[in-house]
Amino acid sequence: MLDATATAEIVDDARARANVLRLAAAQALTGANSAVIFATGSIVGATLAPDISFATVPLSMYVLGLAAGTLPTGMISRAYGRRIAFIIGTGCGVLTGLIGALAILQGAFWLFCCATFFGGLYGAVSQSYRFAAADGASVAFRPKAVSWVMAGGVFAGVLGPQLVQWTMDIWPPYLFAFSFLMQAFVALVAMAVLSGVDAPKPAAADMHGGRPLFEIARQPRFIAAALCGVIAYPMMNLVMTSAPLAMKMCGLTVSDSNFGIQWHIVAMYGPSFFTGSLIARFGAPRIVALGLSLEAAAALIGLSGISAMHFWACLIVLGVGWNFAFIGASALVLETHRPQERNKVQAFNDFLVFGVMAIGSFSSGQLLAHYGWSMVNMVVFPPVLLGLAVLSLASFARRRAKLREVDELAGPTI
């Protein structure tokens, strides 16, 4: 029986490894979508918006799309399989590029916001790549599968900003218009890659049963995982979306901004090559705590100066911190549900993360315009401290529960 179980795990891991390659490639291509938007969104917004305080609204619309797309992605994946959801997502990516280019040509601010909203829907689907990589994999392989897919984002960090750098002036005087056309082409390539993912429609047995979502969400482990994800991603997004415009306001060039965003994205995904191994060795809670602490350290760097080097160092440390905190929180989520519960739990977790991020994102432009870059960084500290406190309490509760189980198994002492 043990040999049969071990053989089944080997077969499942082989299938998971094949999927990981495609999903990592798709992560790189899809990451280029967000890289183009984050590198250009606030700059185009400042050009097209009726007021400078609305400059980051296109980025907020991207985040709103992320939030709006999470639950539908889970429902489509549950009903028709993840591959169908992936194809729909890449279709939204194509629309992002086409509408974005048209908006720049027409000088239409709200049309550009519509384009970035579609980009958010595409991004929402891409968030499920990391969970899709873990489908059917053994418990030991799951953290590595998640982190390896996220590692594909390293190439997005190179592809996206370079795509902007190479194409932003091709269609003068419409800065970045051709960049969005190229982004649409990259989304088509991602569609082709994802069409080969082995992600069949869920079995009938997996469509029913499982615990109610509220019962799962009440677990201290899930609360800690979701809260840390809610803190890690929105805080990173707040600083990252504000940075390009803040750099421009400080007299730095678009090339400086592109360079900072490029290395920020590399830092976001580069550690993924070993984050899974770190989680396996030290446990997800410790890696999450390290990530949140690094996000706080990035904010301190941001407060220490406004030179290009300060911005770059802030964005790089912020990216590494996000990687540890977000992948660690994702690994914690995988520990809280059963196989038949995965789509609804994972979609609900992402909805919480991006819902909060959408709310906070709409205030980032106002925060930067009225209070400055320093206040953007200072906002990071209270949520990080809250996340570390809740994570500590959840870990303490888990240790106490395990000790109680040991005592019960041991029985009364004589």
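Going by the structure above, here's the rest.
Residues numbered from 1 in each chain as written. Predicted model: local features only at pLDDT ≥ 70, side-chain atom pairs only at ≥ 80, totals over all residues. Heavy atoms only, no water.

1. Quick look at the nonpolar core
Stated precisely, the cut-off is as follows: Among the buried residues, those of types Ala, Val, Leu, Ile, Met, Phe, Trp, Tyr and Cys that are joined through side-chain atoms within 4.5 Å form a nonpolar core. Burial status follows relative accessibility: with a 1.4 Å probe on protein chains alone, a residue under 20% of its type maximum counts as buried, one over 50% as exposed, and anything between as partly exposed. In this text, helices come from DSSP runs of H or I with a minimum length of four residues, and strands from runs of E with a minimum of two, each type numbered from the N-terminal end. Whether two residues are in contact is decided by their heavy atoms, any of which lying within 4.5 Å being enough.
By size, the foremost hydrophobic cluster in this structure holds 119 residues, and its most contacted members are L23, F86, Y129, Y233, L292, W322 and W373. Take this core: its biggest share by element is 18 residues, from helix α10 (residues 220-249). Residues within four places of Y129 in sequence aside, it is in contact with L23, A26, Q27, T30, F86, Y122, V149 and L194. Listed in part, the 5 residues of the second largest apolar core include A49, M61, F109 and C113.

2. Quick word on the environment of V63
Residue placement: V63 occurs in helix α2 (residues 57-80). The sequence separation of V63 and L98 amounts to 35 residues, and the corresponding C-alpha distance is 19 Å. Dropping the residues within four chain positions of it, V63 is found in contact with N237, F354, M357, A358 and S361.

3. Description of the environment of S361
Along the chain, S361 falls in helix α15 (residues 342-371). Judged by relative accessible area, which is 2%, S361 ranks as buried. Separated by 127 residues in the primary sequence, S361 and P234 have C-alpha atoms spaced 7.7 Å apart. Filtering out sequence-adjacent residues up to four positions away, S361 remains in contact with L59, S60, V63 and N237.

4. Digging into the pattern of salt bridges
Operational definition: A carboxyl oxygen of Asp or Glu within 4 Å of a side-chain nitrogen of Lys or Arg is what we treat as a salt bridge.
Taken as a whole and assessed by the stated rule, the structure comprises 3 salt bridges. R221 is the partner of E335 in a salt bridge, and the nearest nitrogen-oxygen pair spans 3.1 Å. Separated by 114 residues along the polypeptide, E335 in the loop between α14 (308-334) and α15 and R221 in helix α10 bring together distant segments of the chain. A salt bridge links R338 to E341; the nearest nitrogen and oxygen atoms lie 4.0 Å apart. Connected through shared salt-bridge partners, R211, R338 and E341 make up one network.

5. Observations concerning α2
As a reminder, the rule being used: A helix is expected to reach a length of 1.5 Å times the quantity of its residues less one. What we call the bend at a residue is the angle made by axes fitted to the seven residues finishing there and the seven residues starting there.
Its 24 residues give α2 an end-to-end C-alpha distance of 33 Å, which sits within 8% of 34 Å, the value for a rise of 1.5 Å per residue. Approximately 30 degrees is the largest bend angle found in α2, and it occurs at G69, with the proline P72 only one to four residues beyond.

6. Some details on the packing of aromatic side chains
Think of a pair of aromatic rings as described by two things: how far the centres are apart, and how the planes are tilted against each other in angle. So the rule is basically this: Ring geometry is summarised as follows: Phe, Tyr and Trp rings, the Trp one being its six-membered ring, pair when their centres sit within 6.5 Å, and such pairs are stacked at plane angles under 30 degrees, edge-to-face over 60 and tilted between the two.
According to the stated counting rule, one finds 14 aromatic pairs in the structure shown. Relative to W110, the ring of F109 has its centre 4.9 Å away and its plane inclined at 70 degrees; by these criteria the two rings are edge-to-face. On the basis of relative accessibility, which here comes to 57%, the residue W110 falls in the exposed class. Note on W171 and F178: the rings are 6.5 Å apart at their centroids and 70 degrees apart in plane angle, and the pair reads as edge-to-face. Cluster of aromatic residues (ring-pair linked, three or more members): Y233, Y269, W322, F326 and F354.

7. Quick word on a nonpolar patch on the surface
Where we set the bar: Exposure above 30% relative accessible area and the lack of any salt bridge qualify a residue for a patch; like charges then connect within 9 Å, and the nonpolar side chains Val, Leu, Ile, Met, Phe, Trp and Tyr within 5 Å. Exposure was quantified through the Shrake-Rupley algorithm and a 1.4 Å probe, taking into account, for residues, occlusion by the shown protein chains and nothing else.
A grouping of L300, L303, Y371, M375 and M378 is seen on the molecular surface, where their side chains present a nonpolar patch of about 500 Å² in accessible area. Its location among the elements puts M375 in helix α16 (residues 373-378).

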